[in-house]
Amino acid sequence: MLFDVVICWSTGPSTGDATLRRRMEPWQFEASFDPRQLRKEACLLSEVRWGASPRTWRESSLNTTSHVEMNFIEKFTSERSLRPAVCCSITWFLSWSPCWECARAIGEFLSQHPSVSLVIYVARLFWHIDEQNRRGLRDLVTSGVRVQVMSDSDYGHCWRNFVNYPPGQEADWPRFPPVWTTLYALELSCILLSLPPCLKISRRHQNQLTFFQLSLQNCHYRAIPPPVLSATGLMHPFVTWG
């Protein structure tokens, strides 16, 4: 499948928006979070809420010399004094799921700050066939982190709150074919259930085609809840998309 990046320059939401300086351009958002594209760069959109305050602090960041998760933790702990009596709720929208090293750092951060809760939405699974990365995601869930694949409503939320969308296009976030998020969601279920991978992703560099191959084994049919399998509509044992 060939992917085109459409560059859209715009004046964006109202200049009275306090989060405007942290917004990204529409082409950046689409290129970073398109589940069909295997970009090397990672993007993190974060939301932080303190206690019962209705205000939400938002920020976007890209990989530097360190992974975006590491950068967030370092900046967050250096700029703020976390008080155990005040609950802090953090939500991440990640273009790639955390690697095992980031998962370990996140776990250590949360264990040191029990008043902090974290929810992670991911557009793609990072090198999901690596067992260390799979174990890292399971450890995150065990430590209380909720990890989910982004849905269309999550893309809409990010578009409205993190993107410098053109005037009048608040509801025009990119709609990606649901099959891609379904494949990643199914593989995430396999990871959390300690099952072998069911999704294989490969790329032919000469023509930049990316292939998603789904191969379900008997263990997948036995362990994955039937509603999850039936909801995907992918009940055949061997299916390829490209």
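Rules used throughout
Along each chain, residue indices are assigned from 1 in the same order as the chain's sequence is written. Given that this is a predicted model, residues contribute local features only at a pLDDT of at least 70 and side-chain atom pairs are listed and counted only at 80 or more, while totals for whole chains, interfaces and linings are drawn from all residues. Water and hydrogen atoms play no part in the side-chain values, which are based on all heavy atoms of the structure. We count a stretch as a helix when DSSP gives it H or I for four or more residues in a row; a strand needs E for two or more, and each element gets its number in order from the N terminus. In this scheme, a residue with accessible area under 20% of its type's maximum is buried, one over 50% is exposed, and one in between is partly exposed, where area comes from a 1.4 Å probe on protein chains only. Note on contacts: a residue pair is in contact if any heavy atoms of the two residues lie within 4.5 Å. In protein, a polar contact requires one atom able to donate a hydrogen and another able to accept it; more generally it is a pair of N or O atoms within 3.5 Å, and residues adjacent in sequence count only if both atoms are side-chain atoms. Salt bridges are defined as contacts in which a side-chain nitrogen from Lys or Arg sits within 4 Å of a carboxyl oxygen from Asp or Glu. Put simply, a nonpolar core is a bunch of buried Ala, Val, Leu, Ile, Met, Phe, Trp, Tyr and Cys residues held in one set by side-chain atoms that sit within 4.5 Å of each other. Only protein atoms enter the 1 Å grid used here. Points where a 1.4 Å probe fits but cannot escape make up a cavity, open sets with protein on both sides within 12 Å along at least five of seven lines make up a pocket, and a residue lines them when an atom lies within 4 Å of a point. Grid points are joined across faces, edges and corners, and a volume is the space filled by probe spheres set on the points. Side-chain classes follow a simple rule in which Ala, Val, Leu, Ile, Met, Phe, Trp, Tyr, Cys and Pro form the nonpolar group, Asp, Glu, Lys and Arg form the charged group, and the remainder, Gly included, forms the polar group. Note: two strands are recorded as paired if DSSP finds a minimum of 2 bridges between them. Multiplying 1.5 Å by the helix residue count minus one yields the expected span of that helix. Stacked, edge-to-face and tilted labels apply to pairs of Phe, Tyr and Trp rings (six-membered ring for Trp) whose centres lie within 6.5 Å, assigned for plane angles under 30 degrees, over 60, and everything in between, in that order. Geometrically, a charge over a ring is one whose NZ (Lys) or CZ (Arg) sits within 6 Å of the ring centre while staying within 35 degrees of the ring normal.

**Looking at the overall build of the protein chain**
So, point 1. Counting secondary structure elements, the protein chain contains 8 helices and 8 strands.
So, point 2. Within the span of the protein chain, comprising 242 residues, buried residues form 45% of the whole.
So, point 3. Restricting to contacts in the protein chain with at least 6 residues of sequence separation, those with at least 24 account for 69%.

**A word on unusual backbone geometry**
So, point 1. Notably, Trp127 is not glycine yet its phi reads approximately 40°, a positive angle.
So, point 2. You can see Trp127 is positioned in the loop between strand 4 (116-122) and helix 4 (131-142).
So, point 3. The backbone phi angle of Ser194 is positive, close to 60°, even though this residue is not glycine.
So, point 4. Structurally, Ser194 can be placed in the loop between helix 6 (178-192) and strand 6 (199-204).

**Description of the side chain of Arg23**
So, point 1. Tracing the backbone through its elements, the reader meets Arg23 in the segment before helix 1 (26-33).
So, point 2. At a separation of 2.7 Å, a polar atom in the side chain of Arg23 contacts the main-chain carbonyl oxygen of Val163.

**Overview of the pattern of salt bridges**
So, point 1. Counted by the stated rule, this structure contains 7 salt bridges.
So, point 2. Between Arg58 and Glu47 there is a salt bridge, with its nearest N and O atoms 2.8 Å apart. Note that Arg58 is positioned in strand 2 (residues 57-62) and Glu47 in strand 1 (residues 43-50), a separation of 11 residues in sequence.
So, point 3. In this structure, the salt-bridge partner of Glu131 is Arg138, at a minimum N-O distance of 2.7 Å.
So, point 4. Assessed through its relative accessible area of 16%, Arg138 is described here as buried.
So, point 5. Several salt bridges share partner residues, and in doing so they unite Glu47, Arg49 and Arg58 into one network.

**Some words on the nonpolar core**
So, point 1. One finds Phe76, Ile90, Trp92, Ile106, Phe109, Leu118 and Ile120 to be the most contacted residues of the largest nonpolar core, which totals 45 residues.
So, point 2. No other element matches helix 6, which puts 7 residues into this core.
So, point 3. Setting aside anything within four residues of it in sequence, one finds Leu118 in contact with Ile90, Trp92, Ile106, Leu110, Gly144, Val145 and Arg146.

**Some details on the layout of surface pockets**
So, point 1. Looking at the largest pocket, its volume works out to about 460 Å³.
So, point 2. What lines the largest pocket is a set of 22 residues, and nearest its centre among them are Arg39, Trp96, Leu125, Phe126 and Trp127.
So, point 3. Considering each element in turn, the lining of the largest pocket owes the most residues, 4 residues, to strand 6.
So, point 4. Here the residues of the lining of the largest pocket are counted per class, giving 12 nonpolar, 5 polar and 5 charged.

**Thoughts on the pairing of strand 2**
So, point 1. The sheet contact formed by strand 1 and strand 2 spans 6 bridges and is antiparallel. From the neighbouring strand, Ser46 faces strand 2, where its bridge partner is Glu59.
So, point 2. Between strand 1 and strand 2, which pair antiparallel and follow one another directly, the connecting turn spans 6 residues, one of which, Gly51, has a positive phi of 50°.

**Concerning helix 6**
So, point 1. The end-to-end C-alpha distance of helix 6, which contains 15 residues, comes to 21 Å, matching closely the 21 Å that a straight helix rising 1.5 Å per residue would cover.
So, point 2. Within the sequence span of helix 6, burial applies to Trp180, Thr181, Leu183, Tyr184, Leu186, Glu187, Leu188, Cys190 and Ile191.
So, point 3. Looking one or two places after helix 6, you find Ser194, whose phi comes out positive at around 60°.

**Description of the packing of aromatic side chains**
So, point 1. A full pass over the atoms with the stated rule returns 14 aromatic pairs.
So, point 2. Here Phe72 and Phe76 contribute two aromatic rings whose centre-to-centre distance is 5.4 Å and whose plane-to-plane angle is 15°, an arrangement assigned as stacked. With Phe72 and Phe76 both in helix 2 (residues 68-79) and 4 residues apart, the pair spans about one turn of that helix. In this structure, Phe72 and Phe76 share a single accessibility class: buried.
So, point 3. Ring centres 5.2 Å apart and planes at 70° place the aromatic pair Tyr155 and Phe176 in the edge-to-face group. Of this pair, Tyr155 sits in helix 5 (residues 152-162) while Phe176 sits in the loop between helix 5 and helix 6, and the two are 21 residues apart along the sequence. Each of the two residues, Tyr155 as well as Phe176, counts as buried.
So, point 4. Taken together, the ring pairs connect Phe29, Phe33, Tyr155, Trp159, Tyr165 and Phe176 into an aromatic cluster.
So, point 5. Directly above the ring of Trp96 sits Arg124, whose terminal nitrogen or CZ lies 4.9 Å from the centroid.

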